[in-house]
Amino acid sequence: MRTTYRIVAMIVLAALIIGWQFFVPWMWPPREVPKPPEVAAKPVPLPDERFAGAFGAFAEMPIAPGIADAVRLSSDLAVTNWAAIAPKKEVVKKPPKKAEPPRPHHEPIVLGDGTESYLRVVLDPKGAGVRSVTLNKFQQADAEGLPVWKDAERKVEAPLELIPARQNTDEPSNLLLHYAKDDDDRPLDTLANVDWRVESIRKAEDSEVVREVVFATDVPNQPITITKTYTLNPGDYHIGLTIAVKRRANDPDAQKKRKFRYQMTSGKGLPVEGVWYTAVFRNALIGAEDRTGSLWRTLEDARRISQRGGGDEVLKGDKLIRYAGVAVQYFASLIVVDDEQAPGIGQDFLNRARPTLESAVVRGRLKAKRHVDAPDGEAAYDEITVVAADNAEHKIIVGSDANLFRLADVPVGASLGVAWHYDGHDREVASEILLGEEQYKIIPDDITTRIVTEPIALDKPGDEVVHKFLLYNGPVKVRLLRQMNEGKAISPELADRYENTLQLNTLTDYHFPGWFGERSSSIGWTKVLIFFTNVMHTVLGLLYKVIPNYGICIIILTVLVRAMMHPISRKQALTSMKMQELAPEMNKIKEKYKTDAQARNMAMMELQRRHGVNMFGTCWVVFLQMPIFLGLYYALQESIFFRLSSFLWIKNLAAPDMLVRWGENIWYISQPQSYGSPIYLGPYFNILPVVAVVLMILQQKYLTPPPADEQQAMQQKMMKYMMVFFGVMFYKVAAGLCIYFIASSLWGIAERKLFLPKKKLITNTGVPVEAKPSMLQRLLAKAQESQQNTPTGNGPTRAPERPRRKPGDRPRGPESPGSGSLLQRMRNWWAGVLEEARKK
């Protein structure tokens, strides 16, 4: 009866845990966070406060990082709005009377090519920004985490577009905005919306590939000219960017001292791979280096940035802002301060950096739609009115060239989701629209990171200040660029510059600050974890050169690690078994000294001393294993080599194995509207997590001693139930990690069966039943018995007679291993090995 009550209590507890996720946001909605003044081209109204407060609660749901990004309705704010604090009025917005018509796409300029260069960069004269960046040596993956091909035969890989043109055509990345006055809080977007002059284009000596492009423009109302120079070398994963700010010689007010300050955006629109399973969406990274050379990194995910309407500002202070940008799980797009500046210019010219939000989403029902014929030659447009769940109305413009969907085919009252951004007239413009259940697939939280310079002193006409940056676009784990295959590798000098000089190794190998980080670093724990993680990366690279299949490499590496740790794990298991044998005596001591804790502890220690057991003696064993296993775990998580690597039926070792697609119509399991729920499993059935959980349960069965009382039996049952619960939680982990868990569990089961005696069964009387020997011990005993008792005919067993040496035979010593036939010599050698093993 007591067991039944406990099982019922567990079920009730699980229901409370799941229900709590929905109760907390309803009962305690998130508190509004003040939005400090910062980047925005011009004052822009914000969404209704009721709307942001009611649905921003979804961002605080205690679920896996990144999942709430897709289920949050629309607490998101646009990047150019978060500086404004006045709520938007509920009025029908009309376009300005003299609104400019939509501008045609600008003629792009391509840096690099698709073969020799590692990057292919498309530059836009509008704002002299970056329209797209393609990583030629990495394959594209779609939203489900599957590889993308150029041809139907799946022979030509589609290269990875890290900064996609679709999200950067209207407003490119790496735009430069300037401040009307050097002490203003908000920049102007004038330079981001004008066409810059193309001053020069330099091509490679032996081809038509463009290597350098120079843009220039004049700052309105200021006698200042700005030049942006983009360069790209074939073997680099960065674009060189030089920004020159020059005071023109014809300044009519030559005696006046001028100051100039600018802001620049990082890349945006980075693709999120495997939306249905990933826990890593878009993260903002800012690194600041102190005087001792140590780097302090801040990381904020898109969910937090969206909920707060902007990220935390990182001020220069006494540090040097080294880099700022956006990263997804395996790749990053960063603005990095070049370590090689112009003479007389230091590297500490950045004043601050901050993540900001680029787009938002609203989900609701279509209330109205209309076509607007603007007068005076202005561009016509379609406008829809979307009513969100809190009855807040959003009037959103659908551009004629957006090709989103036909308004005529959508009935009023239809359910839809709209990802939108503000245009130059402060109007909400749709960037993506999905209907019905498809709307839950929108990932709206597109972020960027903005850097702001210190005021630049231009005391007299002709003065010029030059700032140099590297626009890094490549793997987050920069160390792995050293292990790239031929045709993808970079020079050792460039790898060292990325990793150590520019400290981009801190994107992953980071020593966390704060109380825990300081103590972890002081005792060397962080360095140990980073060391073992990098060792695992190196070993995997060496294994791949011998066996070019990462699935097999994971299995071999797991076996090598477990074999190396076998003596330690065996000692730990034997100690656990001895402790289980002493359980009855320990229970008697507990019963005898119920009220005297000191006497109970002394009696326990005496009992363990008599039997040569120390319950704390294996603690160091656990700590010794942890950095090795954690290093292997982190290596499998962050390696770009597992991404899109195939093994058996698995198409992507960095994604779930996706054995069978069971669709998106299973209630609460795979429906799009269930995305983000605790038991949302996605559109695929994954077999590897099931196998891993089954093997873990078997391993627990073999390794856990039999229960000595009812309490221990109940605890073991709870552990089995927890294993199933963990199986649901880890259902969408990467296939490479599942292979590691499966190989590790199989090794643990084999280790238990072969090298350890069977567990003793404790009876109700407290008398242990003698344990049976292990399989290896039985084989050793059988081999020894076969050696000592060799039958000869029907008589009694005796040792075999040694054959006599004939005249002319080669003399042999009595202990020569070459005595007898080849089979007999092998038998004698194996018998000696078994005898030594038996003694040990």
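Cut-offs applied
Residues numbered from 1 in each chain as written. Predicted model: local features only at pLDDT ≥ 70, side-chain atom pairs only at ≥ 80, totals over all residues. Heavy atoms only, no water. Helix = DSSP H or I, 4+ residues; strand = E, 2+ residues; numbered from the N terminus. Buried < 20%, exposed > 50% of the residue type's maximum accessible area, 1.4 Å probe, protein only. Contact = heavy atoms within 4.5 Å. Areas by Shrake-Rupley, 256 points an atom, 1.4 Å probe, with all protein chains shown as cover. Pairing = 2+ DSSP bridges. Axes fitted to C-alpha atoms, helices over the stretch in contact; angles between N-to-C directions. Expected span 1.5 Å × (residues − 1). Phe/Tyr/Trp six-rings, centres within 6.5 Å; stacked < 30°, edge-to-face > 60°. 1 Å grid on protein atoms, 1.4 Å probe; cavity = no way out; pocket = protein on both sides within 12 Å on 5 of 7 lines; lining within 4 Å. Points joined across faces, edges and corners; volume = space filled by probe spheres on them. Nonpolar A, V, L, I, M, F, W, Y, C, P; charged D, E, K, R; others polar. Core = buried A, V, L, I, M, F, W, Y, C linked by side-chain atoms within 4.5 Å. Polar contact = N/O pair within 3.5 Å; in protein donor to acceptor, adjacent residues only side chain to side chain. Parallel < 35°, antiparallel > 145°, perpendicular 65-115°, else oblique. Left-handed = near helix turned anticlockwise from the far one by under 90°. Patch = residues over 30% accessible without salt bridge, like charges linked within 9 Å, V, L, I, M, F, W, Y side chains within 5 Å. Salt bridge = Lys/Arg side-chain N within 4 Å of Asp/Glu carboxyl O. pLDDT = per-residue confidence, 0-100.

Scanning the protein for helices and strands turns up 17 helices and 27 strands. When the 840 residues of the protein are sorted by exposure, 48% land in the buried category. The contacts of the protein with a sequence gap of at least 6 include a subset with a gap of at least 24, amounting to 69%. In the form shown here, the protein has an accessible surface area of approximately 42,500 Å², with 58% of it arising from carbon and sulfur atoms.

All right, on to the sheet that holds strand β4 (residues 159-163) then. With antiparallel pairing, the four strands of this open sheet are ordered in space as β1-β2-β3-β4. The open sheet has two edge strands with one neighbour each: β1 (109-111) and β4. Along the sheet, successive strands turn relative to each other by an average axial angle of 25 degrees, direction set aside. With six bridges joining them, strand β2 (residues 119-124) and strand β3 (residues 129-139) adopt antiparallel strand pairing. For L119, the partnering residue across the bridge sits in β3 and is L135.

Attention shifts here to helix α7 (residues 525-546). Between its first and last C-alpha, α7 extends 32 Å over 22 residues, near the 32 Å set by a 1.5 Å rise per residue. Regarding α7, the residues found buried are T526, L529, I530, T533, N534, M536, H537, L540, G541 and L543.

With that out of the way, let us pick up the environment of T217. Note that T217 resides in strand β7 (residues 210-218). Setting aside chain neighbours within four positions, we find T217 in contact with L191, V194, W196, R197, I224, T225 and I226.

The geometry of an aromatic ring pair comes down to the distance between the two centres and the angle between the two planes. Inspection of the entire model under this criterion finds 16 aromatic pairs. Ring centres of F349 and F469 lie 5.5 Å apart, and the angle between their planes is 90 degrees; this geometry places the pair in the edge-to-face category. Here F349 is found in the loop between β16 (331-337) and β17 (350-357), whereas its partner F469 is found in strand β25 (residues 464-475), with 120 residues between them in sequence. Taking the relative accessible area as the measure of exposure, F349 reaches 8% and is therefore buried.

This next bit is on empty space enclosed by the protein. Counted according to the given criterion, the structure contains five cavities of 30 Å³ or more. Around the largest cavity sit 14 residues that line it, and V272, E273, T278, Q329 and Y330 are the ones nearest its centre. When the residues that make up the lining of the largest cavity are grouped by side-chain class, the tally is nine nonpolar, three polar and two charged.

It is worth spelling out the sheet that holds strand β23 (residues 447-453) at this point. Spatial ordering of the open sheet is given by β5-β11-β23-β17-β14, a layout of five strands whose pairing is antiparallel. If you trace the sheet from one side to the other, it starts and ends with β5 (176-178) and β14 (314-315), each paired once.

Moving on to helix α5 (residues 492-501). By the burial criterion, the buried members of α5 are L494, A495, R497, Y498 and E499. Of the surrounding secondary structure, the elements contacted by the buried residues of α5 are β9 (238-247) and β25. Two residues or fewer after α5 comes Q503, characterised by a positive phi angle close to 60 degrees.

A positive phi is found at L644, a non-glycine position, where the angle reads about 65 degrees. Assignment of secondary structure puts L644 in the loop between α12 (619-638) and β26 (660-661). Residue Y668 is not a glycine yet carries a positive backbone phi of 65 degrees. Tracing the backbone shows Y668 in the loop between β26 and β27 (684-685).

The next thing to look at is the nonpolar core. Ranked by size, the top nonpolar core spans 112 residues in total, and within it Y237, F469 and L504 carry the most contacts. Counting residues per element, this core draws most heavily on helix α15 (residues 735-755), which supplies seven residues. By size, the runner-up hydrophobic cluster in this structure holds 15 residues, among which are L416, V418, W420 and A430.

Attention now goes to the side chain of T449. Examined against the element boundaries, T449 turns out to sit in strand β23. A relative accessible area of 0% places T449 in the buried class. There is a polar contact of 3.0 Å between the side chain of T449 and the backbone oxygen of G325. When near neighbours in sequence (up to four residues on either side) are disregarded, T449 contacts M264, T265, S266, A284, I286, A324, G325, V326, R354 and P355.

Tracing the chain through its elements places M719 in helix α14 (residues 710-729). Here the alpha-carbon distance between M719 and I697, two residues 22 residues apart in the chain, equals 8.8 Å.

Take the packing of α7 against helix α8 (residues 550-564) next. It is at 10 Å that the axes of α7 and α8 come closest, and there the two elements cross at 125 degrees. The pairing of α7 with α8 is recorded here as oblique in orientation. For the pair α7 and α8, the sense of crossing is right-handed. Taking contact as the criterion, the partners of M536, V539, L540, L543 and Y544 in α7 are, on α8, Y550, C553, I554, I556, L557 and V561.

What follows covers a nonpolar patch on the surface. On the surface, a cluster of nonpolar side chains totalling about 470 Å² of accessible area is made up of M722, F725, F726, M729 and F730. In this fold, F726 is placed in helix α14.

Locating A128 in the fold gives a position in the loop between β2 and β3. Taking C-alpha positions, A128 is 9.2 Å from S173, a pair spaced 45 residues apart along the chain. Among all residues touching A128, those that are not within four sequence positions of it are N174, W196, F215, K228 and Y230.

Inspection of the entire model under this criterion finds 29 salt bridges. In this structure, R497 and D338 form a salt bridge, with 2.6 Å as the shortest nitrogen-oxygen distance. Of this pair, R497 sits in helix α5 while D338 sits in the loop between β16 and β17, placing them 159 residues apart in sequence. Exposure remark for R497: the relative accessible area of 17% places this residue in the buried category. You can call D338 buried: its relative accessible area is 8%. Salt-bridge contacts for R497 lead to D339; the nearest nitrogen and oxygen are separated by 2.9 Å. Placement of R497 in helix α5 and of D339 in the loop between β16 and β17 is noted, with a sequence separation of 158 residues between them. In this structure D339 comes out as partly exposed when scored by relative accessible area, which is 22%. One connected set of salt bridges, linked through shared partners, spans R197, E199, D218 and R248.

Taken across its seven residues, β16 has seven buried, putting it largely inside the fold. In this sheet, β16 lies alongside strand β15 (residues 320-327) in antiparallel orientation, the contact comprising five bridges. Its bridge partner lying in β16, V326 is registered against S333. Here β15 folds back onto β16 in antiparallel fashion, the turn holding three residues.

Inspection of the secondary structure puts E273 in the loop between β11 (262-265) and β12 (283-289). Engagement of the side chain of E273 in a polar contact is seen with the side chain of R643, the distance being 2.7 Å. When residues no more than four places from it in sequence are discounted, the contact partners of E273 are A141, D142, A143, L160, T278 and R643.

Below, the discussion takes up the confidence of the model for the protein. The predicted model of the protein averages 75 in pLDDT, with 69% of residues at 70 or higher. Across residues 761-771, where pLDDT falls below 50, the model places 16 contacts with residues more than four positions away in sequence or in other chains. Predicted confidence is poor over residues 792-802, with pLDDT under 50, and the contacts of this stretch with residues over four places away or in other chains come to eight contacts.

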